[in-house]
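# An overview of the molecular structure
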Amino acid sequence: MLPRAIFATCLLFLALLQTTVFPMARFLGIMPDLLLVCLLLWTATREPTEGLLWTFGIGIFLDLLTMSPFGSSALVLLPVAIVVQRIGDSVGLKVFRRP
């Protein structure tokens, strides 16, 4: 249970950074998306439904922070997480899955 609590705290911190600090840290129009990287790593190494639930939840949270249309970030992040999960299954990342 403790890794999930630490991961949730990390996601909330990265979401706040992504909406406040990272937009000012653009280099040649590119903004870092560490939140997406963390979500994809979690999705690739955990059960598929757990990764997708985290992705959907943080997408909704991002929409609340940025005041963008409700659900738009979740709809963008979910297909990416599904593709990464499928690639992880085909490459053999099931070995690294944790319960």
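Above this text you will find the structure in question.
Described below are features of the structure shown in this document.

Conventions adopted
Residues numbered from 1 in each chain as written. Predicted model: local features only at pLDDT ≥ 70, side-chain atom pairs only at ≥ 80, totals over all residues. Heavy atoms only, no water. Helix = DSSP H or I, 4+ residues; strand = E, 2+ residues; numbered from the N terminus. Rg over C-alpha atoms; globule rule 2.2 N^0.38 Å. Buried < 20%, exposed > 50% of the residue type's maximum accessible area, 1.4 Å probe, protein only. Contact = heavy atoms within 4.5 Å. Areas by Shrake-Rupley, 256 points an atom, 1.4 Å probe, with all protein chains shown as cover. Lys, Arg positive; Asp, Glu negative; His and termini not counted. Charge placed at Lys NZ, Arg CZ, Asp CG, Glu CD. Core = buried A, V, L, I, M, F, W, Y, C linked by side-chain atoms within 4.5 Å.

To continue, consider the overall build of the protein chain. A tally of regular secondary structure across the protein chain gives four helices and zero strands. Listing each helix as α and each strand as β along the protein chain from the N terminus yields α-α-α-α. Here the C-alpha atoms of the protein chain give a radius of gyration of 14 Å, agreeing with the 13 Å that 2.2 N^0.38 yields for 99 residues. Based on the C-alpha atoms only, the size of the protein chain along its principal axes is roughly 40 × 30 × 25 Å. Here the protein chain, with 99 residues, has 30% of them falling under the buried criterion. Taking all contacts inside the protein chain whose residues are at least 6 apart in sequence as the whole, residues at least 24 apart take part in 56%. Put simply, the protein chain shows about 6,400 Å² of open surface, and 77% of that area lies on carbon and sulfur atoms. Here the protein chain contributes 7 positively and 5 negatively charged side chains, and the mean placements of these two sets differ by 5 Å.

Within the largest apolar cluster, ten residues are counted, these being Phe7, Leu11, Leu14, Ala15, Leu35, Leu39, Trp42, Ile58, Leu62 and Leu77. No other element matches the four residues that helix 1 (residues 2-20) contributes to this core. Those residues in contact with Leu39 that lie beyond four places of it in its chain are Phe7, Leu11, Trp54, Thr55, Ile58 and Leu77.

Read these as geometric descriptors, not functional statements.
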